[in-house]
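Understanding the architecture of this molecule
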Amino acid sequence: MIIILLFLANLINADSLASQKTNELREMQLRDGIIELNSTGYFYYTMEFPRPYDIVIYFVAPSCKLCNDLNEHYQKVAKFYADSGALYKSESKRAVFFATMTFNDKNKQVFEQLGFISAPNLFVSQPHIVFVPQDERERYLRDMKWTISYTDGTVTAHKFLEFINKRTGRQVDYKASTSEALTVIGVLLGALTFGALVFIIARPLFLNPKLWFIGSIIIFIICLAGVVYNIIHNVPFFTQNNKGGLQWKTNSGRQQLGFEGLFLSLGMTFVGLTMVLILKLKVLVKHQQIDPFVERLVYLTLFICIFLIVQFVEENYRQKSHYNPIYWPPRHYIKGPLNKDQGNSF
């Protein structure tokens, strides 16, 4: 009986402490907009049981230009969350609070514990971090933190929201200000007006099928390469590697350089156009006498080009993600009739 009473007493105390910590964080964020944590506050609010809430922490350093540039976007996201009611627990979601921590001698231990060697960093801390074993903590932290760098392109509130929403399970949307909305509307109206004038002036040119074919290819290359995304987020075309040399691609699945996307897009476009060329080759040369051997050699060369480019594109996908395409079906795949052979899906 005594053991049961002690258990109930501890349970009541835990609930009381959880409510107290939640209320303290909520009051601080409502008062300051962003909670300023030191090492003591970090260990108390994130690493000590009980803690029935998520807490997003933006780790910065003094004299860090990128940290200061992104602070406005981080504050926007914190306000979006607060306005959506995320500071309060819902039926299926935990409360979410937003904090920041600045690197100094007193907070150095926290940065080292999380493996941060540069700034800024974003970390989404969930309640079960308290119970994650030490040997599994590194893997857990890898999924919950984001070391931001210039190779990420222009990091905006949209990117912050995407990262945080995925880990908190909430779907908080970006809310554009009145000036932002009016700017977008103005740009769209201006573009439509300009497009209409150009079409009226050059109408015969726009009705040319060859122009549409070339335009479609250009649009396809631009869309496949992510050019619009790269422009919006100011993604660099090239960067430098650790040895100071030119780097045209990254091995990270979350990052892409401008040249990398364009190069792979051109490769895939070349494969598609080459397939069309193979089908139309006889039509294109129907009035010319071509030696059968030369014709076969041309076909063989085109097929080899397609094969090599597909291999190159697949290799890049393998390096950047868990997706692991291969040109030939794996050895363990079932072979047999059409309805059973697993290799047919490729």
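Treat the numbers as computed from the prediction; the structure is a model and nothing was measured.

For strand β2 (residues 53-60), a buried count of eight out of eight residues is recorded, marking the element as mostly surrounded by other parts of the structure. Taken together, the eight bridges between β2 and strand β3 (residues 95-102) define a ladder with parallel strand orientation. From the neighbouring strand, V60 faces β3, where its bridge partner is T102. At this point the chain moves from β2, through helix α3 (residues 65-83), to the parallel β3, and the crossover so formed is right-handed. By the bridge criterion, five bridges tie β2 to strand β4 (residues 121-125) in an arrangement that is antiparallel. When the sheet's bridge partners are listed, V56 is paired in β4 with V124.

Another point: the pattern of salt bridges. As enumerated under the stated definition, the model contains five salt bridges in all. Taking the shortest distance from any N to any O, the salt bridge between R31 and D32 comes out at 3.1 Å. With its nearest N and O atoms 4.0 Å apart, the salt bridge here joins K108 to E112. Taken together, the positions of K108 and E112, both in helix α4 (residues 108-113) and four residues apart, correspond to about one turn of that helix. Assessed through its relative accessible area of 39%, K108 is described here as partly exposed. Judged by relative accessible area, which is 52%, E112 ranks as exposed.

Turning our eyes to something else, we now look at the state of the cysteines. Scanning the entire structure with this criterion turns up one disulfide. The disulfide partner of C64 is C67, and the S-S distance across this bridge is 2.3 Å. Given an S-S torsion of about 75 degrees, the disulfide between C64 and C67 has right-handed geometry. The pair formed by C64 and C67 is uniform in burial state, with each residue classed as buried.

Let us look at the UniProt feature "transmembrane region" (unreviewed entry) in the chain. Following the UniProt record, the feature "transmembrane region" (unreviewed entry) maps to residues 181-202, 211-232, 262-281 and 293-313 here. Annotation note: span residues 181-202, helix share 95%, strand share 0%, distance between end C-alpha atoms 32 Å. Helix and strand shares over residues 262-281 are 100% and 0% respectively, and the end C-alpha atoms of the span are 27 Å apart.

Taken together, the five strands give an open sheet; going across it, the order is β1-β3-β2-β4-β5, and neighbouring strands pair in mixed fashion. Single-partner strands in this sheet number two, and they are β1 (35-36) and β5 (145-147). Its contacts with the sheet place helix α2 (residues 39-46) against β2, β3 and β4, and it is angled at close to 155 degrees to β2. Strands β2, β3 and β4 of the sheet are contacted by α3, whose axis makes an angle of about 165 degrees with β2.

Bringing the nonpolar core into the picture now. Ranked by size, the top nonpolar core spans 27 residues in total, and within it Y81, F98, L122, F160 and I164 carry the most contacts. Among the secondary structure elements, those contributing two or more residues to this core are β2, α3, β3, β4 and α6 (157-168). Residue contributions to this core peak at eight residues, all from α3. Among residues more than four places away in sequence, those in contact with F160 are Y58, L70, H73, Y74, V77, L122, W146, I148 and V155. Core analysis: the second largest hydrophobic core is formed by 26 residues, Y42, M47, I57 and V132 among them.

Quick look at the pairing of β3 now. Summarising burial for β3: seven of the eight residues are buried, a large majority. Examined bridge by bridge, β1 and β3 share two bridges and lie parallel to one another. Looking across to β3, one finds that E36 is bridged to T100.

Across the chain, the average pLDDT comes to 83, with 88% of residues at 70 or higher. Considering only residues more than four positions removed or in separate chains, one finds that residues 5-9, a stretch of pLDDT under 50, has zero contacts.

Okay, the packing of aromatic side chains next. What characterises a pair of aromatic rings is the spacing of the ring centres plus the angle enclosed by the ring planes. Applying the stated criterion across every chain yields a total of 24 aromatic pairs. Ring centres of Y42 and F43 lie 5.3 Å apart, and the angle between their planes is 75 degrees; this geometry places the pair in the edge-to-face category. With relative accessibility at 0%, the residue Y42 sits in the buried group. Classification of F43 as partly exposed rests on a relative accessible area of 22%. Arranged with centres 5.0 Å apart and planes meeting at 55 degrees, the rings of F59 and F116 form a pair that is tilted. Taken together, the residues span a long stretch of sequence, with F59 in strand β2 and F116 in the loop between α4 and β4 at a distance of 57 residues. A residue is classified by how much of its surface remains accessible, and F116, at 7% relative accessible area, is buried. A cation over a ring is seen here: K21 above Y44, with NZ or CZ 4.8 Å from the ring centre. A cation over a ring is seen here: R167 above F163, with NZ or CZ 3.8 Å from the ring centre.

Conventions adopted
The residue count restarts for each chain, going from 1 along the sequence in the order it is written. Note on the predicted model: pLDDT of at least 70 is required for a residue's local features to be given, and 80 or more for side-chain atom pairs to be given and counted; whole-chain, interface and lining totals, by contrast, use all residues. Values shown for side chains rest on all heavy atoms present in the structure; no hydrogens or waters enter the calculation. Each residue gets one of three labels from its accessible area relative to the maximum for its type: buried under 20%, exposed over 50%, partly exposed in between, using a 1.4 Å probe on protein chains only. Numbering goes from the N terminus for both helices and strands, where a helix is a DSSP run of H or I of at least four residues and a strand is a run of E of at least two. Two strands are said to pair when DSSP picks up at least two bridges between them. A crossover counts as right-handed when, viewed with the strands pointing away from the observer, the path leading from the first strand over the helix to the second turns clockwise. Salt bridges, as used here, are contacts in which a Lys or Arg side-chain nitrogen is within 4 Å of a carboxyl oxygen on Asp or Glu. Note on terminology: disulfide denotes any pair of cysteine sulfur atoms within 2.5 Å. UniProt positions are given in the numbering used here, feature names are shortened, and annotations may be inferred rather than shown by experiment. Whether two residues touch is decided by their heavy atoms; if any such pair falls within 4.5 Å, the residues are in contact. A fitted line through C-alpha atoms represents every axis, and for helices the fit uses only the stretch in contact; the resulting angles, taken between N-to-C directions, go from 0 to 180 degrees. For our purposes a nonpolar core is just a set of buried Ala, Val, Leu, Ile, Met, Phe, Trp, Tyr and Cys residues, chained together by side-chain atoms within 4.5 Å. Known as pLDDT, the predictor's per-residue confidence is scaled from 0 to 100. Aromatic contacts are taken between Phe, Tyr and Trp rings whose centres are within 6.5 Å, Trp giving its six-membered ring; a plane angle under 30 degrees counts as stacked, one over 60 as edge-to-face, and the others as tilted. In our convention, an over-ring charge means Lys NZ or Arg CZ found within 6 Å of a ring centre and within 35 degrees of that ring's normal.

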